[in-house]
Amino acid sequence: MEEDTDFRIRFSSLCFVTDHVGFCGTIKSSPSDFVVIEIDEQGQLVNKAPSKLISKVLPEPNNFAKKTKLDLQNLSFEEGSNQEVSIFAGCSGADHYYQSASEREDTISDGTSKGEEETVDVLGTLLDEKTNKLLNHFACDIKEKWNSKTELIGSSPEFSLGRILDKNQRAILHSAIRQKFPFLITVGKNSEIVVKPNLEYKELCHLVSEEEAFDFFKYLDAKKENSKFTFKPDTNKDHRKAVHHFVNKKFGNLVETKSFPELNHSAGNPNVAITVRFREKTHKHRKRSLFEYQDRKVIYTAFTLRKENLEMFEAVGFLAMKLGVIPSDFSYAGLKDKKAVTYQAMVVRKVTPERLKNIEKEIEKKRMNVFNIRSIDDSLRLGQLKGNHFDIVIRNLKNQINDSANLKDRILEAIENVKNKGFVNYYGPQRFGMGRNVHTDQIGLALLKSELVEAVKLFLTPEDLDDPVNRAKKYFLQTEDAKGTLSLMPEFKVRERALLESLHRFGMTEEGCIQAWFSFPHSMRIFYVHAYSSKIWNEAVSYRLGTYGSRVVEGDLVCLGEDVDDEHFPNNKVHLVTEEEESANTYAIHQVVLPVLGYNIQYPKNKVGQWYQEILSRDGLQTCRFKVPTLKLNVPGCYRQILKCPHNVSYQLKEEHDTDVKMEGSHIDEATLSLLISFDLDASCYATVCLREIMKHDF
């Protein structure tokens, strides 16, 4: 493997998409010049208090577990309790059925169907006003089509409520929607709640009145213990048989049906009512399993981490050491810069909120703070965020060499150009580490080739610096003495020490190195592989733009979905551009995507696809399946848009002495300009890459 002595040279060779001149300046003069705040999936900045959805609805785990089924009638909320919402406002023929459920005498014995108002309040509290209104419109539309006897053409219509991260909140929403709209069903898809028509409801309406169908499905969803539901008395035996058959066929594993003659019936043609009740064994087992589940339920504590001038993995390692857990017990949505002040959401397993609060003072010494601490029901996944907000100060502004234009005009031109045209969506240099001798992508390539011993050696390769960390690494490469290296390695280098402890225990063999890599959490192991894929993607997009420019050509891959703001869209949304589409200019350059390497992607069918194959052959991966079974690494790959735009851009020019943030102990020229710029980027986009396009300047 050839040594790559300076990644900056490699990064500076990547092309731009805009044509302005740009300007020079200095970023990250101090960590406070570069502030990064994560934006969660609800669009909230994580340095603010948790959104209403989390802080208001999340119950205490012990109280929540005592409910066999979510009891919407016992939920209370501070706001909206007097709110009155008409569920089917404007829906012809539907008001009667909803309102009659609360007005007439219930047919459910030992478990009356009350609480429609509470259900309305639950939805009004959990959902924002726009989503709640759209949900009601969707319900109205379904009802009107059914009432007008119009068939739903094509695939069943769907309405998405978006992704709800907390399991408890999702459960409440599922039940609240089905209680309010029994003619709808809810389906969970990767934390997303999707609402669809309940076709079984429609089918039952052919057998009984809609009023009965409405109440039956509410009864079914409520699952109240020892409760019964009785259909209206019926003299037609064949009709009763059809109702029995429907209920048992659809819900026989949950309920049973029996017929009972009405008292005071006539002997000739008696009225007989069908009664439904839950099967005893199934219901008791379900209740018991919920108690058992709660007994072994894992504790998750969510919090916001603020760190300053601290590497992400070092911060996690330090927190793990103080809390008595391992780094893999922490989950997070994305990695953050080291030389910056960063705010990000985190979740830790097996640690209570009280225990986390106890170490607040201790971790402040390490330039870390934790706040917004609360119980939650699940961990985070990489990529589980909407994006990041950046507040950046660029100092020492000046013109490019041999450019005599007005500096302020150059800056204004550059920012407006990138706002309108976007920037090439490269992975930033921090993805690859800032070392000169070894970068993370080189380690990732070794892992993909199952060269695990080589990968360990690369990880422990020293930089050309004389400090305790690099002296320890140098000693290891010379001796392979893990125990001796441990005595030299500083305590704060958590990753290095974890790997060395495994090597000391298992030896510097193939098997020993496998065990050593397992001392890292999965997210860290996969990080190195992703770094290699990211490096190849950067080179691929630069080759693509250099070869074809901003034209969309035959064989390009384009994304057909709208508002794609992440890399995880399926193959069926990726389309191969045809010759006819190229001639007709059917697609725009912002729709073009390129694959990030993996086993489940397709390549462009033009020169770019050929380039990918040549690179894989060059790196010895022509037969690679992008799976490393020994390390439990699977890399399906994904697609990434080649261009992105910053959002909510604002900026201000200031003379240095007017700026609040100054470099301590430095002489500052009064005439020096600084740029304060703020913007939002989608997940997996890099502010340094956006600034590179604006400034036409490599850092």
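Residues numbered from 1 in each chain as written. Predicted model: local features only at pLDDT ≥ 70, side-chain atom pairs only at ≥ 80, totals over all residues. Heavy atoms only, no water.

**Some points on the sheet that holds strand β21 (residues 638–641)**
One open sheet holds the four strands; their spatial order is β17-β16-β18-β21, and the pairing between them is antiparallel. The sheet is open, and its two borders are formed by β17 (574–576) and β21, each paired with just one other strand. Strand-to-strand twist in this sheet, taken as the mean axis angle between neighbours without regard to direction, amounts to 50°. Where strand β18 (residues 592–596) and β21 come together, four bridges link them in antiparallel fashion. Following the sheet pairing, valine 596 is matched in β21 by cysteine 638. Relative to β18, helix α22 (residues 522–548) is tilted by about 145°, and along the sheet it contacts β18 and β21. (Pairing = 2+ DSSP bridges. Helix = DSSP H or I, 4+ residues; strand = E, 2+ residues; numbered from the N terminus. Axes fitted to C-alpha atoms, helices over the stretch in contact; angles between N-to-C directions. Contact = heavy atoms within 4.5 Å.)

**Some details on helix α18 (residues 468–479)**
Taking 1.5 Å as the rise per residue, α18 with 12 residues should run 16 Å; its terminal C-alpha atoms sit 16 Å apart, in good agreement. For α18, the complete set of buried residues consists of Val469, Asn470, Ala472, Lys473 and Phe476. An end-on view of α18 places all buried positions within 155° of arc, on one side of the element. Looking at the buried side of α18, the elements it contacts are α17 (452–459), α19 (482–488) and α20 (494–506). You can read the cap of α18 off the contacts: a side-chain oxygen lies 3.1 Å from the backbone nitrogen of valine 469, and it is on aspartate 467. Glutamate 480, located one to two residues past α18, shows a positive phi value of around 55°. (Expected span 1.5 Å × (residues − 1). Buried < 20%, exposed > 50% of the residue type's maximum accessible area, 1.4 Å probe, protein only. Arc of directions from axis to C-beta. Polar contact = N/O pair within 3.5 Å; in protein donor to acceptor, adjacent residues only side chain to side chain.)

**Focus on the packing of aromatic side chains**
Under the defined criterion, the tally for this structure stands at 28 aromatic pairs. Relative to phenylalanine 520, the ring of phenylalanine 459 lies with its centre 5.4 Å away and its plane at 65°, an arrangement referred to as edge-to-face. With phenylalanine 459 in helix α17 and phenylalanine 520 in the loop between α21 (510–517) and α22, the pair connects residues that are 61 residues apart, well separated along the chain. By the burial criterion, phenylalanine 459 is buried, and phenylalanine 520 matches it. When the centroid spacing of 5.9 Å and the interplanar angle of 20° are considered together, the rings of tyrosine 543 and tryptophan 611 count as stacked. Taken together, the positions of tyrosine 543 in helix α22 and tryptophan 611 in helix α24 (residues 607–618) put the pair 68 residues apart, joining distant regions of the chain. (Phe/Tyr/Trp six-rings, centres within 6.5 Å; stacked < 30°, edge-to-face > 60°.)

**A few points about the environment of asparagine 248**
Along the chain, asparagine 248 turns up in helix α10 (residues 237–251). As for asparagine 248 and valine 276, which are separated by 28 residues in sequence, their C-alpha atoms are 9.8 Å apart. Beyond its immediate chain neighbours, meaning those up to four positions away, asparagine 248 contacts Val255, Glu256, Thr257 and Arg279. A distance of 2.9 Å separates a polar side-chain atom of asparagine 248 from the backbone oxygen of histidine 244. A distance of 3.0 Å separates polar atoms of two side chains, one belonging to asparagine 248 and the other to threonine 257.

**Let's talk about the sheet that holds strand β4 (residues 159–163)**
Pairing in this open sheet of three strands is antiparallel, and the strands run β4-β6-β5 from one edge to the other. Lying at the two open borders of the sheet, with one neighbouring strand each, are β4 and β5 (184–189). Within the sheet, the average angular offset between the axes of one strand and its neighbour, ignoring direction, is 20°. Where β5 and strand β6 (residues 192–197) come together, six bridges link them in antiparallel fashion. Each bridged residue has a counterpart across the sheet, and for lysine 189 the counterpart in β6 is glutamate 192. The strands touched by helix α6 (residues 129–147) within the sheet are β4, β5 and β6, with β6 carrying the most contacts at an inclination of about 25°. Together, β4, β5 and β6 form the strand contacts of helix α7 (residues 167–180), whose direction differs from that of β5 by roughly 160°.

**Some details on the confidence of the model for the protein**
Overall, the prediction assigns the protein a mean pLDDT of 81, with 80% of residues at 70 or greater. Long-range and interchain partners of residues 92–117, a stretch whose pLDDT sits below 50, account for 48 contacts in this model, where long-range means more than four residues apart. (pLDDT = per-residue confidence, 0-100.)

**Observations regarding the packing of helix α16 (residues 440–448) against α17**
Where α16 contacts α17, the two axes come as close as 8 Å, and the packing angle between them is 165°. By the angle class used here, α16 and α17 are roughly antiparallel. Once α16 is placed against α17, the crossing between them reads as left-handed. Residues Gln442, Ile443, Ala446 and Leu447 of α16 touch α17, and the partners they reach there are Leu452, Glu454, Ala455, Leu458 and Phe459. By residue class, the composition of the contact of α16 with α17 is seven nonpolar, one polar and one charged. (Parallel < 35°, antiparallel > 145°, perpendicular 65-115°, else oblique. Left-handed = near helix turned anticlockwise from the far one by under 90°. Nonpolar A, V, L, I, M, F, W, Y, C, P; charged D, E, K, R; others polar.)

**Focus: the side chain of arginine 431**
As for its placement among the helices and strands, arginine 431 is situated in the loop between β15 (423–424) and α16. Within the structure, arginine 431 has its side chain in polar contact with the side chain of serine 534 (distance 3.0 Å). Residues in contact with arginine 431, not counting those within four places in the same chain, are Thr440, Phe527, His530, Ala531, Ser534 and Tyr686.

**Section: the environment of alanine 242**
Of note, alanine 242 is situated in helix α10. Along the sequence, alanine 242 and leucine 204 sit 38 residues apart, while their C-alpha atoms lie 10.0 Å from each other.

**Brief notes about the state of the cysteines**
As used here, a disulfide is simply a covalent bond connecting the sulfur atoms of two cysteines. Scanning all chains against the criterion turns up zero disulfides. Unpaired in terms of disulfides, cysteine 685 finds its nearest cysteine sulfur in cysteine 690, a separation of 8.8 Å. (Disulfide = S-S within 2.5 Å.)

**With respect to α6**
Between the first and last C-alpha of α6 there are 27 Å, a value that for 19 residues agrees with the 27 Å anticipated at 1.5 Å per step. Buried within α6 we find Thr131, Asn132, Leu135, Asn136, Phe138, Ala139, Cys140, Ile142, Lys143 and Trp146. The residue sitting at the N-terminus of α6 and contributing the capping side-chain oxygen is aspartate 128; that oxygen lies 3.1 Å from the backbone nitrogen of lysine 130.

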